[in-house]
Amino acid sequence: VNVEADPASGSVKMSVAGEVATTFSRVLNKDKIPFFRASTATFAMKNVELAMVLDVTGSMCNPCSKIDALKTAAKDVVDLLLPDTSITKNRIALVPYSATVNAGGYAAAVTNGAAVDTCTFERDGASAYTDDPPVAGGYLGAEPDPSSPANDHYACPPATVLPLSKQKATLKATIDSYGAEGWTAGHVGAAWGWYMLSPNWSGVWPAESAAKDYLDPKTIKAVIFMTDGAFNTSYLNGAANATSVAQSSTVCANMKEKGIVIYSVAFVAPVEGEAILQECASAPENYFDASNTTELKAAFKSIVESLQKLRLTE
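All values reported here derive from a predicted model rather than from experimental measurement.

All right, on to the state of the cysteines then. Enumeration according to the criterion identifies three disulfides in this entry. With its sulfur 1.5 Å from that of its partner, C61 forms a disulfide with C64. The disulfide joining C61 to C64 has a torsion of about 70° about its S-S bond and is therefore right-handed. Judged by its relative accessible area of 30%, C61 is partly exposed. For C64, a relative accessible area of 34% puts it in the partly exposed group. The residue that forms a disulfide with C119 is C156, at a sulfur-sulfur distance of 2.1 Å. The sign of the 80° torsion about the S-S bond sets the C119-C156 disulfide as right-handed. Here the residue C119 occupies a position in strand β7 (residues 119-120), and C156 occupies one in the loop between β7 and β8 (162-165), the gap between them amounting to 37 residues. For C119, a relative accessible area of 1% gives the class buried.

Every α-helix carries 3.6 residues per turn, so stepping three or four residues along brings you back to the same face. Taking 1.5 Å of rise per residue, 17 residues should cover 24 Å, and helix α1 (residues 65-81) covers 25 Å from first to last C-alpha, within 8% of that figure. Looking at α1, one finds that the buried residues are K66, I67, A69, L70, K71, A73, A74, V77, V78 and L81.

Conventions used here
- Residues numbered from 1 in each chain as written.
- Predicted model: local features only at pLDDT ≥ 70, side-chain atom pairs only at ≥ 80, totals over all residues.
- Heavy atoms only, no water.
- Disulfide = S-S within 2.5 Å.
- Buried < 20%, exposed > 50% of the residue type's maximum accessible area, 1.4 Å probe, protein only.
- Helix = DSSP H or I, 4+ residues; strand = E, 2+ residues; numbered from the N terminus.
- Expected span 1.5 Å × (residues − 1).

Okay, structure coming up:
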């Protein structure tokens, strides 16, 4: 028996060679009959594009064991989706958020140079609540004068986004660098999770981080949306600090219409935070309520197990 596996094509070829003893043919001096059979099976293991939208607000350090627990759970996801023992095309993006999302080196491109401190918030107009590319008429919001912000909840977290990557060391080191500070603009985090998975944003990212098309038959797009608080900070589309929940609801609904699977995790969150995460989840079983470190790690592990099942069964 010979087995040949081809991870690149997802195929396994099995062949068997042998001999069968004869009965009647022995009178013709033919004691054995050789035989050979071969067959190839191909299985469609889908690839995962996952955006982890992670709360790094001040309450995540009250106590600081919360941010430590989040780091551990997020790194577990990296290890499970990007195993050292097998070839995979899975990729993971990181979106840390608090009162804003820090776009880092991508800030100038997505705000048309308006983000002098590299942080961004929601956009208004026709591109609000969409994954339109960040071009004229669709640039992201930014604070032109961070020293005197229009919203007194404004703050620019040091943690920056990381587009889709399969570099385990980079992903884990980035997660380890996270601190905790600021208020909670969940809708901005949700939108950035979408941007990471949107083919419309491929021109923003390096080529190796460009997302596949929504209808790509070999790709599953998913978001892990996590918070420990209530969404209490917004900038546009309504009175300041009043519409983050409403905007999150719309962003999540529009993401799901594109076929993105949303998993949500409330980590010792208040009722308001739990409610919007339950609404954002793609299904009731995609929502997790974690009250301690053990439950948070179990929630993230369950999400990966769900994704692995989708890879084989969708």
